[in-house]
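# Structural overview
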Amino acid sequence: MTNVEQPIRTHGGAGKPAGGMSPQRSKTMARRAAIAGGVGTLIEYYDFAVYGFLAVTIAPLFFPSESSGASILATLAVFGVAYVARPLGGIFFGRLGDRRGRRSALVITVVCMGVACGILGLLPTHSSVGVIAPILLVIVRLAQGFSAGGEVGGAATYIAESAPPNRRGFFGSFTPIGSTLGFAVAASVVGIVAFLTTDEQMDAWGWRIPFLLALPLALICLRVRLKLEDTPEFEEMADKEEVTKSPLLDVIRKNPISVLQVVGVAIAMNGSGYIGLTYFSVYLINDLGFSKDAVYWTSAISIALACATFPLSGMLTDRFGRKPVLAGGYIAYLVIAVPAFMILGATASVIVVGLVYFVYMVLNGVVQVPAFPLFTELFPRTVRYTGVSLGFNIGTIAAGGTAPYVAAQLVESTGSGMSPAYWVIGVCIIGLLTVLTIRETGKTALPT
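Below you will find a few notes about this structure.

About the thresholds
- Residues numbered from 1 in each chain as written.
- Predicted model: local features only at pLDDT ≥ 70, side-chain atom pairs only at ≥ 80, totals over all residues.
- Heavy atoms only, no water.
- Helix = DSSP H or I, 4+ residues; strand = E, 2+ residues; numbered from the N terminus.
- Buried < 20%, exposed > 50% of the residue type's maximum accessible area, 1.4 Å probe, protein only.
- Polar contact = N/O pair within 3.5 Å; in protein donor to acceptor, adjacent residues only side chain to side chain.
- Contact = heavy atoms within 4.5 Å.
- Disulfide = S-S within 2.5 Å.
- Axes fitted to C-alpha atoms, helices over the stretch in contact; angles between N-to-C directions.
- Parallel < 35°, antiparallel > 145°, perpendicular 65-115°, else oblique.
- Nonpolar A, V, L, I, M, F, W, Y, C, P; charged D, E, K, R; others polar.

Checked against the element boundaries, T41 lands in helix α1 (residues 23-53). Judged by its relative accessible area of 0%, T41 is buried. Polar contacts involving the side chain of T41 include one to the main-chain carbonyl oxygen of G37, which spans 2.7 Å. Excluding its chain neighbours within four sequence positions, the residues that come into contact with T41 are E151, V152, A155, T175, G178, S179 and R225.

Have a look at this one:
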């Protein structure tokens, strides 16, 4: 065979095939995998999300302008720039995970993300170094994007390969719980810092604290992940010398349709999700005049409460399949998108805003939770990490990192706070059409 080589092991000992595990060991490993994957993803997305919640604060520090709208657009554009590096990170960490083990890749991603986020908290501002400040900001955001590009695909793969076949949806829900709860933790930390500082202190040095906290958080996650073994699927693949030399070429040549299907679902999931996770806070503060403290805490509480419903979506997808739950979520978004923005634009009540936020993020779970196990079920184990990461990150570039910028630009150019709702409708139609092309995978074993 010309495309297979003996892997370099990262964890001692020969692994046991997945089918050779006792049910008790399988459940224990699934729980550990879900917790380690979820906690790591939470910390990675905390690092990534802090920037979004501080966008209004750091905009004039790095992009001073007579127009606050112009500063915000520039800051959100840099938020989107980070996503340009995600496919490169997905390819790099996908290759590492498919050739040398899922565990190795997941350990490195969280270290890189934590260091990059800590560095961002130490950057000089425009008033100190001029144009060098936004250049450095772009470089650090690219490093964050590169690292994040390998996280979600790796966590989803690790959890799916460690979970019992009939519980992949439930245990897989820990990946979107982690990624979404990371935004809630970020909002909470930013809210605490904003509460404890004056506006002048926040602008001077308070904004740095949430970024610097990423360093101890990364150390906690590193300790958790270093205790993990690799997945039974990878160990069996390594024992049988099935590890491929070029996962990227293999997945493009042999599974192009699966990659495109992941792209379509990821466009819908991220294009709708990032409107709630990132743009809502900018819109509420910058356009509607809500106080920063109120928005940060409303975001944190609403997102956290919504995350509590994600395991239910996981159980539903295990019971009824991936496709019905995904389709139901997209249709619900089509129904509520316009009313949600109408209510936000018309209310002055933080409680009403919180209810809209909560409902919106519950639906985000409905479309996220089935997607991650579905992604892993579309690829054989030799290219699973690479295939999931490649498709997911392309979809994230297309509609995730761009979503806050597009939404802000729509409002700026049309003068209508309702206009982002039509973006949500558009991406969900793409997701719905994509789901129609996918066979149901929820009741089948992971392909080998």
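A full pass over the atoms with the stated rule returns 0 disulfides. Here C112 is not cross-linked by a disulfide; its sulfur's nearest cysteine counterpart is in C221, at 12 Å. Counting only cysteine sulfurs, C112 is the nearest neighbor of C117, a cysteine outside any disulfide, at a range of 13 Å.

Another aspect to go through is the environment of S413. In this fold, S413 is placed in helix α23 (residues 402-414). By relative accessible area, which is 54% here, S413 ends up exposed. C-alpha separation for the pair S413 and F146, spaced 267 residues apart in sequence, amounts to 31 Å. Polar side-chain contacts of S413 include one of 3.3 Å to the backbone oxygen of L410.

In contact at an axis separation of 8 Å, helix α5 (residues 102-120) and helix α13 (residues 214-226) are set at 170° when each is read in the N-to-C sense. By the angle class used here, α5 and α13 are roughly antiparallel. Facing R103, L106, V107, T109, V110, V111, G114, V115, C117 and G118 of α5, the residues of α13 in contact are A214, L215, A218, C221, L222, R225 and L226. Along the lines of polarity and charge, the residues of the contact of α5 with α13 split into 12 nonpolar, 3 polar and 2 charged.

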